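Report on the structure
For reference, the chains in residue letters:
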Amino acid sequence: MLFKAEAVHRSLQRLITDRHALAPEYSETQMSPRFRSNGTSRPGSEAYARLMAGNFADWRLTVNGLVQRPLSLSLANLRSLPQRVQITRHDCVEGWSAIGKWHGPQLSTVLRLAGLRDTARYLVFHCADTLIGRPYYESIDLIDAFHPQTILAWAMNNRTLPVAHGAPLRLRVERQLGYKHAKYIMAVEAVASLDGVYGGKGGLWEDAAGYEWYGGI
Amino acid sequence: MHERSDQEPGSPEGGAVAAPPITRHALTTRIWHWVSAVSVIVLLGSGLMILNAHGQLYWGEYGANFDQPWFKLIWLFDDARVPGWLTIPSNYNLALARRWHLFFALVLAFALLGYMIASLIDRHFQRDLRIRADELRAARLIADAKAHARLEFHDPADPRAYNIFQKLSYVAVIFILLPLVIFTGLAMSPGMNAAWPWLLDVFGGRQSARSVHFIVAMLLAVFTIVHLALVILAGPINEVRSMITGKWRGPQRRCSPPPTRSSPARAGCWPAATRSGGARRGATCCSRPRRCIAACSG
C-alpha cells in the first residue's frame, strides 16, 4: 500500500504537468563553488583502472538491446555529435543540492542513431562501478530518454568529467533525483521490461534499498 | 453537512444547572481531524528520519557539504541523528522513511483540500473561524488570555464559539502552515520544479524550500503539543468524545446574582452575558430564573 504512493505521485505529476517541461537552468554565477561527489568515487575493477590509465581512449559505449543498429561509440564519436550544455541542479535523495554545468550529446541523438525498436520501453544503463557488492545500474522510461535535457555528459564545469563524478560518461536526467544519474556508463540497453534485469526494480538502489524507481518526487 | 447544536443555551429546556450536550463538530471536521492527526504524526516521524540522511539546512538554491548551513543536526545530537523514538522507522532507513512520507503527504494534502471545500460549502469556516476585528482589540485579547489562564476556554453564553486563540491557531494551521508545508514539499520535487518553476521562485530556491518545510513542520509539532495539552486541561474525555461522536458538553452553568440595572435580564435570561458584551464571565443564561435560583440555593 505504502509503495503505491510512488505510482500515484508519478501519475499525478504527469497528469497535471507538462511531461516535456524543462528542469530549471541556472547561470554561471549561481553554480556551487564546489560540487561534492557521492556514491562511488572511483570504481575498483582492474578493467576500469586500465581504461583510466589510458585516459579512456579504449573505452567504448555499447548501445544494444532492442535497437536496429547496435553501436559501439568512442568518446571522440560522442564529442562529434551535436552537444548540449546545461547548468542544472543536482538533487540528492538525501536532501542536498549542488549546481553544476554539464556538457554532452542528448541521449535522443544516440538513440536515433541506433534506432529503437517498437517494443523498447526502457533504457538500462550498465555501469563500471559496484556498490554494496552489486553492479550499479539504472533505468529510465522513454519519456525521460527523449527529453531534451537528458544528456550523456562527458564534461562537467568546463573540464573533462572527473573520475569522482563518473568518468568517462554519466547520465544527466534532470527531472529526477541524483541516484538516477548513473555514472561510469559502459552500456545503454533498450529493453521491453525491467523484469529480469538485475533485481528487476530498475536500479541498484531500487533493488537493494527500496528507493523509488521514479526519482522525480 | 454541518450540524447545528441540538439545543441552544437559553432554549426553553434550559434551566438545569448542567448544560446539555450539543453537537460540536460536523462529520467532515471529525473525519478530517483524525486523518490529519495520523498523517501529521507519520509525516513528522518520517520527515525527521529523512532529515537524518543529510542533517544540515541551507538557504538558496543549492547547499551541500562544502556550503554554509544555517542549521546542523549535530548541534542537537552527538551522532547527528534524531533519536529513534522520534523517527519512522526507528532505525536508519531513508528509503522506507520516504515511502511513509510520500504516502501520507498525499493523504494530508487531499484531506485538507476536501475539508476546505466541504467547510466552505457548509460555511464552517465562515461561521466558526472568521476573526472579527473586535476580537483582536488589546483589551479583549488580555481578557481572553486571563480567562485561558483560569482554564476557562468557552464563553458560557455561546459555548460553541471558538475563543480567539483557538481561531487564530486553527486559521494559522489550516490556511498558512499546512499549505506552506505542502507547497514547500512540492518545491523539493525535481519533477515539480520542471513543471512548476514558480515554486522555486516563491520560496527562493530548493534548499530554502527545504528549510521552510522543516521550520513549518516544527511549528506544526509545537501546535500539536499545545493542542494536546489544552485538550487535557479542558477535559480530555469530553473533548475527545466531541471529536469522535460530535457530542460535547459546554461549561457547567453557574448561577449568577439577579439582574441589575447595569446588566439587565434579556429574553428571560439573567444576565444575558456574553464576552463581547463585556459582562462578567461565568454568568449563565437561564430561561427559568425561579428554577435556577432553586437549583442554586438547593
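Above this note sits the structure.
An account of the accompanying structure is given in this report. (Residues numbered from 1 in each chain as written. Chains lettered and ligands numbered in written order. Predicted model: local features only at pLDDT ≥ 70, side-chain atom pairs only at ≥ 80, totals over all residues. Heavy atoms only, no water.)

**Regarding the interface of chain B and chain A**
Of the residues lining the interface, 33 residues belong to chain B; the matching set on chain A comes to 43 residues. Two residues, Arg-98 of chain B and Glu-212 of chain A, come together in a salt bridge whose shortest N-O distance is 3.1 Å. At the boundary of chain B and chain A, one finds 19 residue pairs in polar contact (both at pLDDT 80 or more). Per element, the largest residue contribution to the side of chain B that touches chain A is eleven residues, and it comes from helix H2 (residues 94–121) of chain B. By residue class, the composition of the side of chain B that touches chain A is 20 nonpolar, seven polar and six charged. (Contact = heavy atoms within 4.5 Å. Salt bridge = Lys/Arg side-chain N within 4 Å of Asp/Glu carboxyl O. Polar contact = N/O pair within 3.5 Å; in protein donor to acceptor, adjacent residues only side chain to side chain. Helix = DSSP H or I, 4+ residues; strand = E, 2+ residues; numbered from the N terminus. Nonpolar A, V, L, I, M, F, W, Y, C, P; charged D, E, K, R; others polar.)

**Overview of the pattern of salt bridges**
All names here are of chain A. Taken as a whole, this structure holds 20 salt bridges over all chains when the rule is applied. A salt bridge links Arg-14 to Asp-141; the shortest N-O distance between them is 2.8 Å. Of this pair, Arg-14 sits in helix H1 (residues 5–16) while Asp-141 is found in strand S6 (residues 134–141), placing the two residues 127 residues apart along the sequence. Take Asp-141: its relative accessible area is 11%, and that puts it in the buried class. In this structure, Glu-28 engages Lys-101 in a salt bridge whose closest nitrogen and oxygen atoms are separated by 2.7 Å. Taken as a pair, Glu-28 in the loop between H1 and helix H2 (46–53) and Lys-101 in strand S4 (residues 97–105) lie far apart in primary sequence, 73 residues in all. The exposure class assigned to Glu-28 is partly exposed, which follows from its relative accessible area of 48%. What you see here is one network of salt bridges that share partners, running through Arg-14, Asp-141, Asp-144 and Arg-175. (Buried < 20%, exposed > 50% of the residue type's maximum accessible area, 1.4 Å probe, protein only.)

**Regarding the nonpolar core**
Within soluble globular proteins, side chains that are nonpolar generally end up buried alongside one another. Counting 59 residues, the largest nonpolar core has Leu-61, Phe-125 and Leu-152 of chain A as its most contacted members. If one sorts the elements of this core by residue count, strand S5 (residues 122–131) of chain A sits on top with five residues. The contact partners of Leu-61 of chain A, leaving out residues within four places of it in the chain, are Leu-71, Ser-72, Leu-73, Leu-78, Leu-152, Leu-169, Ile-185, Met-186, Ala-187 and Val-188 of chain A. With 31 residues, the next largest nonpolar core counts Leu-44, Leu-108, Tyr-170 and Val-216 of chain B among its residues. (Core = buried A, V, L, I, M, F, W, Y, C linked by side-chain atoms within 4.5 Å.)

**Details of unusual backbone geometry**
For the bond running from Ala-167 of chain A to Pro-168 of chain A, omega is 5°, close enough to zero to count as cis. Looking at the secondary structure, you find Pro-168 of chain A in the loop between strand S9 (159–160) and strand S10 (170–172). One non-glycine residue, Ala-80 of chain B, lies in the positive phi region at around 60°. When you line up the elements, Ala-80 of chain B lands in the loop between strand S3 (71–72) and H2.

**Here we look at empty space enclosed by the protein**
Within this structure, the stated rule accounts for four cavities of 30 Å³ or more. Along the walls of the largest cavity sit Gln-13, Arg-14, Thr-17, Asp-18, Arg-19, Asp-144, Arg-175, Gln-176 and Tyr-214 of chain A together with Gly-191 and Ala-195 of chain B, which together make up its complete lining. Going through the elements one at a time, H1 of chain A together with helix H6 (190–195) of chain B are the ones with two or more residues in the lining of the largest cavity. Here the lining of the largest cavity is built from residues that sort into two nonpolar, four polar and five charged. Put simply, the second largest cavity is a space of about 60 Å³. Around the second largest cavity, the lining residues are Ala-23, Pro-24, Tyr-26, Thr-88, Arg-89, Asp-91 and Glu-174 of chain A together with Pro-190 and Asn-193 of chain B. Mapped onto the lining of the second largest cavity, the elements with two or more residues apiece are strand S3 (83–91) of chain A together with H6 of chain B. At three residues, the largest contribution of residues to the lining of the second largest cavity is made by S3 of chain A. (1 Å grid on protein atoms, 1.4 Å probe; cavity = no way out; pocket = protein on both sides within 12 Å on 5 of 7 lines; lining within 4 Å. Points joined across faces, edges and corners; volume = space filled by probe spheres on them.)

**Brief notes about the sheet that holds S3 of chain A**
Residue and element names in this part refer to chain A. Pairing is antiparallel in the open sheet, where four strands are placed in the order S3-S4-S8-S9. Across the chains shown, the open sheet's two edge strands, defined by having one partner strand only, are S3 and S9. Relative to strand S8 (residues 155–156), S4 is paired through two bridges, and the arrangement is antiparallel. Across the sheet, residue Trp-102 finds its bridge partner in S8, namely Met-156. (Pairing = 2+ DSSP bridges.)

Purely geometric numbers; function is a separate question.
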